[in-house]
Amino acid sequence: VEAAYNLGVALYKGNKKPEAVKWFKQASEAGDVRSKFNLATIYEEDKSLSIPPQVVIALYNAAAEGGIVQAMHRLGIVTLTGQYGDKDAVKGLAWLLLAEKYEDDDVKDDLAQSVQLVSAEQQKLAKEAAEKLRARLEQNPEFLNNMSL
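Rules of the game
- Residues numbered from 1 in each chain as written.
- Predicted model: local features only at pLDDT ≥ 70, side-chain atom pairs only at ≥ 80, totals over all residues.
- Heavy atoms only, no water.
- Helix = DSSP H or I, 4+ residues; strand = E, 2+ residues; numbered from the N terminus.
- Rg over C-alpha atoms; globule rule 2.2 N^0.38 Å.
- Buried < 20%, exposed > 50% of the residue type's maximum accessible area, 1.4 Å probe, protein only.
- Areas by Shrake-Rupley, 256 points an atom, 1.4 Å probe, with all protein chains shown as cover.
- Lys, Arg positive; Asp, Glu negative; His and termini not counted.
- Charge placed at Lys NZ, Arg CZ, Asp CG, Glu CD.
- Phe/Tyr/Trp six-rings, centres within 6.5 Å; stacked < 30°, edge-to-face > 60°.
- Lys NZ or Arg CZ within 6 Å of the ring centre and 35° of its normal.
- Contact = heavy atoms within 4.5 Å.

Asker: Hey, could you run me through the overall build of the protein in this one?
Answerer: Secondary structure summary: the protein contains nine helices and zero strands in total. The C-alpha radius of gyration computed for the protein amounts to 15 Å, which stays within 12% of the reference 15 Å derived for 149 residues, consistent with globular compactness. With the C-alpha coordinates aligned to their principal axes, the bounding extent of the protein is approximately 45 × 35 × 25 Å. Burial statistics for the protein: of 149 residues in total, 44% are counted as buried. Carbon and sulfur atoms form 51% of the exposed surface of the protein, whose accessible area is close to 8200 Å². Of note, the protein has its 18 positive side-chain charges centred 2 Å away from the centre of its 22 negative side-chain charges.

Encoded structure:
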């Protein structure tokens, strides 16, 4: 799994996305959450791949629930805005709050802008949802291991 992930990274950096996708898929199917995040990112960047939005969301969700903070951030944005389907301000903001909690420095601007788009009640519900989500995710040892990746 590690070798497939590393090969995918090298190929992606070498601008060989089709080959990178092949190796990220292999690692992803074996459960590697970093590969799930990378696949979602590639699918989102490269519209010529014609990947259904539900697949992108599912990959971001699996990566976020697996402890990839950047996936929490991205999932928060696409869920809050409804970029790939149903818009859910509370759920989206909850993911952004969680990304901030786990020290995603890039989330601060997006979080500040997002808070302005939702009501005080939605903010309250999002904070509660983020805390419940955090408590659930932190019960999973794999999540905690991946937080250090």
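The discussion continues.
Asker: Would you explain the packing of aromatic side chains in this entry?
Answerer: Given two aromatic rings, their pairing is described by the distance between the two centres and the angle made by the two planes. Scanning the model with the defined rule gives three aromatic pairs in all. Judged by centre distance (5.7 Å) and plane angle (70°), the rings of Tyr102 and Phe143 are edge-to-face. With a gap of 41 residues between them, Tyr102 in the loop between α6 (89-101) and α7 (107-115) and Phe143 in helix α9 (residues 141-146) connect regions that are remote in the sequence. A relative accessible area of 15% means that Tyr102 is categorised as buried. Here the basic side chain of Arg34 rests over the ring of Tyr5, its NZ or CZ set 3.8 Å away from the ring centre.

Asker: Where do I start with the environment of Ala27 in this structure?
Answerer: Note on placement: Ala27 falls in helix α2 (residues 17-29). The contact partners of Ala27, leaving out residues within four places of it in the chain, are Val1, Ala4, Tyr5, Asp32 and Ser35.

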